[in-house]
Amino acid sequence: MRCTHCGAMIPDELIYCPECGMEVQIVPDYNPLEDVLVREVRGSVEDATRQIKTDDIRRYRREEQREYSNSTRVLSQGELDEIRARRSAMARQGRPSSRTGAPRSRQTTGAMRQQRQTTGSMRQNTGALRQSRQSTGVMRDAEEKRRQQIARKKRAARKRRQRILIFLFLFLVFTGVLAYVLYQNSYPGQVRKGNLALQAGEYAQAENYFNRAISKNSKKAEAYTGLSSVYSSQEDMEGAESVFLTAIADQPSNVDLYKAAINFYMDSNQLEKISELLDNCEDSDVLLGVKEYVSQAPEFSLEEGTYGEVQEVSLTADGGTIYYTTDGSEPDTSSTEYTEPVLLNEGENIIKAISVNKKGIPSLMVAKSYTIEIPIEDAPAVTPSTGQYDTPAQITISVPEGYTAYYTLDNTEPSASSTLYTGPIDMPEGQTMFSAVLINKQGKATQVTKRNYVLELSE
């Protein structure tokens, strides 16, 4: 090896430079990586662990090369023991260890002691390093166990989630199947089956389904509507109508049944039967629930009876349009629309009327009968009276209001086709049989008044 001071070669058995006499610095093998590991282990223990980076290792190697490129070669423990043995032998033989004499030996001894202390410190450091490495291994094992424990917990949680999802899926499937079965056997399910069978033309099966639905809930109207459709689809309108009438008879307070029956009458264009249905209803709540379908019958201002003079009758209806007849026929929307009072003529008068509401539903027909009997005047008064006359004279008929007078001069019965009386008539010469009658506006005639006149003019 070379001396770090003068550069001379130093034999392996010497510990002093033969040229300059400087002591060879003997240090144990040093590895900077061990310091790095010690710091890392210490940092791990203090919860400040960091990984050893490759750049740090390379940097330490470069610094080692720079620091020890000109230093004395580091001796191994075997070489140190061999040098010590040689020195001991030389001391026993009385040979000086160097040219410097006893002081040099004492210096060498101090250096050796320092070297031993350094070696002991290095050994302690090595032991601490080993302990640190063991601690690092323990920490790594603990960290690995912790990671494994976390992984096991995650796997267990994943399995639990999977089991929960499977359970929920099975529960939903079971619930769906149960709900489907319950629905199929429920009221809505039976009604749905009935409608499907009705659409397919399977009337017997549809009737069976609707009857099952009614047995499950007799208050709902859907099943009755379906059952009625089964009959109407087979052109059995009476059977279709009887479905609702029978149900309403059993449940007179069921508004839904009344509405279903009304819809049936409207769909089958039997609007006049709606008023008949509601006229038999005595439940105020039902009438309130179907008030938009109620059509009030017309009211007459004059009571039925016999009257001795001409009368007028007024008709009223709440919110409806009135149609009437006077010839005894049934009124409908093509009959005379009421706009003003109806005049009653002499004789018998029959008025029939209906009211039609905004939905086009006619009310019940109302008929009233009136008799007008106007008193007949006595036979008309004719002047002069019967007799013989020798001077010219005129014949006069008294005509009351509301009558027209007719007469004849040939003893025939006067009528409306006879000569109309318009004023006094000159009495003819000779014998005349004068007959007069009064006829009112209704065409009724009074008794006939007759006069026998003889006119003989004196010369």
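These numbers come from a predicted model, not from an experiment.

**With respect to the nonpolar core**
Consideration 1: By size, the foremost hydrophobic cluster in this structure holds 34 residues, and its most contacted members are Tyr 224, Tyr 258, Ile 262, Ile 274, Leu 277, Leu 278 and Tyr 293.
Consideration 2: Mapped by element, the contributors of at least two residues to this core are helix H5 (187-199), helix H6 (203-216), helix H7 (222-233), helix H8 (237-250), helix H9 (255-267) and helix H10 (272-279).
Consideration 3: The element contributing the most residues to this core is H9, with 7 residues.
Consideration 4: What Ile 274 contacts, discounting residues up to four positions off in sequence, is Ile 262, Tyr 265, Met 266, Tyr 293 and Ile 361.

**Remarks on the pairing of strand S13 (residues 403-408)**
Consideration 1: Among the 6 residues in S13, 5 count as buried, and that is most of the element.
Consideration 2: Summarising the sheet, S13 and strand S16 (residues 430-440) pair through 6 bridges and their orientation is antiparallel. Bridging from a neighbouring strand, Ala 405 pairs with Leu 438 of S16.
Consideration 3: The sheet contact formed by S13 and strand S14 (residues 419-420) spans 2 bridges and is antiparallel. The partner of Tyr 407 across the bridge, within S14, is Thr 419.

**A word on the confidence of the model for the protein**
Consideration 1: Put simply, the protein has an average pLDDT of 82, and 78% of its residues get 70 or more.
Consideration 2: Below pLDDT 50 for its whole length, residues 67-72 participates in 8 contacts with residues either more than four positions away or in separate chains.
Consideration 3: Confidence over residues 95-106 falls short of pLDDT 50; this stretch has 10 contacts with residues more than four positions distant or in other chains.

**Some remarks on the side chain of Glu 346**
Consideration 1: On the secondary structure map, Glu 346 appears in the loop between strand S7 (342-344) and strand S8 (347-356).
Consideration 2: Apart from residues lying up to four places away in sequence, Glu 346 is in contact with Ile 372, Glu 373, Ile 374, Asn 440, Gln 442 and Lys 444.

**Observations regarding the packing of H6 against H7**
Consideration 1: Here H6 crosses H7 at 160°, and the two axes come no closer than 8 Å. Relative to H7, the element H6 lies roughly antiparallel. For the element pair H6 and H7, the recorded crossing hand is left-handed. Packed against H6, whose contacting residues are Tyr 203, Ala 206, Glu 207, Phe 210, Asn 211, Ala 213 and Ile 214, the element H7 presents Ala 223, Tyr 224, Gly 226, Leu 227, Val 230, Tyr 231 and Ser 233 at the interface.
Consideration 2: Split into classes, the residues belonging to the contact of H6 with H7 amount to 10 nonpolar, 3 polar and 1 charged.

**Notes on the packing of aromatic side chains**
Consideration 1: Following the criterion strictly, the structure yields 6 aromatic pairs and no others.
Consideration 2: Look at Phe 244 and Phe 264: their rings are 5.6 Å apart centre to centre, the planes differ by 35°, and that puts the pair in the tilted class. Of this pair, Phe 244 sits in helix H8 while Phe 264 sits in helix H9, placing them 20 residues apart in sequence.
Consideration 3: Considering the side-chain rings of Phe 264 and Tyr 265, the 5.5 Å spacing of their centres and the 55° angle between planes classify their relative orientation as tilted. Each of the two residues, Phe 264 as well as Tyr 265, counts as buried.
Consideration 4: In this structure an aromatic cluster arises from ring pairing among Phe 244, Phe 264 and Tyr 265.

Quick notes on the rules
Residues numbered from 1 in each chain as written. Predicted model: local features only at pLDDT ≥ 70, side-chain atom pairs only at ≥ 80, totals over all residues. Heavy atoms only, no water. Core = buried A, V, L, I, M, F, W, Y, C linked by side-chain atoms within 4.5 Å. Buried < 20%, exposed > 50% of the residue type's maximum accessible area, 1.4 Å probe, protein only. Helix = DSSP H or I, 4+ residues; strand = E, 2+ residues; numbered from the N terminus. Contact = heavy atoms within 4.5 Å. Pairing = 2+ DSSP bridges. pLDDT = per-residue confidence, 0-100. Axes fitted to C-alpha atoms, helices over the stretch in contact; angles between N-to-C directions. Parallel < 35°, antiparallel > 145°, perpendicular 65-115°, else oblique. Left-handed = near helix turned anticlockwise from the far one by under 90°. Nonpolar A, V, L, I, M, F, W, Y, C, P; charged D, E, K, R; others polar. Phe/Tyr/Trp six-rings, centres within 6.5 Å; stacked < 30°, edge-to-face > 60°.

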